[in-house]
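# Survey of secondary and tertiary structure
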Amino acid sequence: MNPADLAVIDRLGLTATTTQVGAKIDRLRHVGVARAHCVFDWDRTLTVPASGDDSDPTVWRVLSDLLPEAAREEYRSLFARFRPAERAGTLSEHQAAHWWRAVLQIIVRSRVSLADAEHVMASTVALRPGTGRLFRHLTDRRVPRVILSAGVSDLIEGMCRRNRLQPSGVIATRLATSDGGTITGWDPGSLVHPLNKPARAAGDLAQIQRARPFTILLGDSPTDSAMVQTDEPYGLRICVGSAPPAKAGEPDEAHQRTLPLFDLTLRGPSLTPVTRLLRYLDLEHQRNPQRTRQEVASPRRPPRTRQP
Ligand SMILES: [Mg+2]
């Protein structure tokens with residue numbers, strides 16, 4: 001890897017975690033950030049607890065807070081059964097679909113109000129520091145910003161509106177509600193769980209990838225690292241949240257197994273190092289316009305050696 005790039009990455013608060021990261025950074029610099037697109041996981045990637053405590057800043061924790069006690073116990077037992085495998089990256093697609101449908105059925109049966117869920121979301125979940133800045137940077141450059149989440153699109157879109165975040169698309173499970181706002185079901189065709197993310201995103205992203213071949217992916221879990229299919233070295237995977245709170249059943253070794261699945265890891269809680277890295281690569285791209293034209297004309301060619 002170019003030592004200058006490595007120094008910049010390190011100074012910005014990012015750690016390189018794969019040997020391919022140099023080739024990917026080099027490719028992104030040559031293609032240009034304007035010819036990239038970003039795909040974000042939502043829960044724990046773009047969200048943190050509003051109070052700064054160790055509560056779980058996810059759509060599903062918000063919805064489960066509104067369940068009556070017996071239903072909440074059912075929800076907890078599903079979480080205890082499947083979450084360790086999800087975190088370890090060993091959850092099967094069948095298990096994931098079973099878990100997600102069972103949770104949705106509990107929420108529908110409990111007649112949870114979507115307005116109440118939005119209220120709990122607004123008061124207990126915040127955007128990760130630096131999220132607004134990163135989205136504005138990408139919006140200004142017309143770089144597509146897709147949120148691909150195993151959460152619920154209704155709650156994600158509501159929080160984006162409240163925080164003036166402008167994703168170009170949200171791919172997540174869509175709820176059905178009664179006239180009174182009670183959650184009555186979900187669109188089965190829209191169901192997104194951690195392991196069908198690549199399939200659910202394939203159609204929408206294929207169109208984007210034709211014009212903008214480079215994928216910048218942000219996530220926090222083993223399954224997020226593979227949520228978009230990319231041709232290497234056309235995908236840069238960035239892991240957020242370097243130090244999750246240790247919880248029962250979630251040993252730190254699980255996090256250590258996650259890191260090598262991503263190319264870069266943020267050492268702090270903020271996404272601002274990502275914005276700064278993109279700015280740096282934009283400037284580098286502008287310094288070498290001749291090479292840029294060649295890359296745009298033939299984006300799949302192997303990288304040429306740098307001229308002295
Ligand atoms: Mg997540």
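Scanning the protein from N- to C-terminus turns up 12 helices and 11 strands. Here the protein, with 308 residues, has 40% of them falling under the buried criterion. By sequence separation, contacts in the protein at least 24 residues apart represent 72% of the contacts at least 6 residues apart.

Take arginine 83: it is sitting in helix H4 (residues 69-88). Taking the number of C-beta atoms within 10 Å as the measure of exposure, arginine 83 has 15 and is therefore partly exposed. When the C-alpha positions of arginine 83 and tryptophan 99 are compared, they lie 9.6 Å apart, and in sequence the two are 16 residues distant.

Membership of the largest hydrophobic core comes to 73 residues, with the highest contact counts inside it found for Leu28, Val39, Leu155, Ile156, Leu217 and Ile238. The element best represented in this core is helix H5 (residues 93-109), accounting for six residues. For leucine 28, the residues in contact, after removing those within four places along its chain, are Val33, Ala36, Phe214, Leu236 and Leu281.

Here we come to the sheet that holds strand S1 (residues 14-16). Within the open sheet, the seven strands sit side by side as S1-S11-S10-S9-S2-S5-S6. Their pairing is mixed. The outermost strands of the open sheet, each flanked by one partner alone, are S1 and strand S6 (169-173). Each strand of the sheet is rotated relative to its neighbour by a mean of 20 degrees, with strand direction disregarded. Bridge analysis of S1 against strand S11 (residues 264-266) gives three bridges, and the strand direction is antiparallel. Each residue of the ladder has a partner; that of leucine 14, found in S11, is leucine 266.

Further remarks concern the packing of helix H7 (residues 131-140) against helix H11 (residues 272-286). At a minimum axis separation of 8 Å, H7 and H11 run at an interaxial angle of 25 degrees. One element, H7, and the other, H11, form an angle in the roughly parallel class. Between H7, through Arg133, Leu134 and His137, and H11, the contact on the second element is made entirely by Thr272, Val274, Thr275 and Leu278.

Time to look at unusual backbone geometry. Here arginine 44, not a glycine, exhibits a phi torsion of approximately 70 degrees, which is positive. Relative to the helices and strands, arginine 44 is located in the loop between strand S2 (36-40) and strand S3 (47-49). Phi is positive for arginine 111, close to 55 degrees, though the residue is something other than glycine.

Moving on, we get to the pairing of S6. The buried count for S6 comes to four of five residues, which makes it a mostly enclosed element. Across four bridges, strand S5 (residues 145-152) lies against S6 in parallel orientation. Each residue of the ladder has a partner; that of valine 146, found in S6, is glycine 169. Note on the crossover from S5 through helix H8 (residues 153-162) to S6: the handedness is right-handed.

What counts, and where the lines are drawn
- Residues numbered from 1 in each chain as written.
- Predicted model: local features only at pLDDT ≥ 70, side-chain atom pairs only at ≥ 80, totals over all residues.
- Helix = DSSP H or I, 4+ residues; strand = E, 2+ residues; numbered from the N terminus.
- Buried ≥ 20, exposed ≤ 12 C-beta atoms within 10 Å, placed from the backbone.
- Contact = placed C-beta atoms within 7 Å.
- Core = buried A, V, L, I, M, F, W, Y, C linked by C-beta atoms within 7 Å.
- Pairing = 2+ DSSP bridges.
- Axes fitted to C-alpha atoms, helices over the stretch in contact; angles between N-to-C directions.
- Parallel < 35°, antiparallel > 145°, perpendicular 65-115°, else oblique.
- Right-handed = clockwise from strand over helix to strand, strands pointing away.

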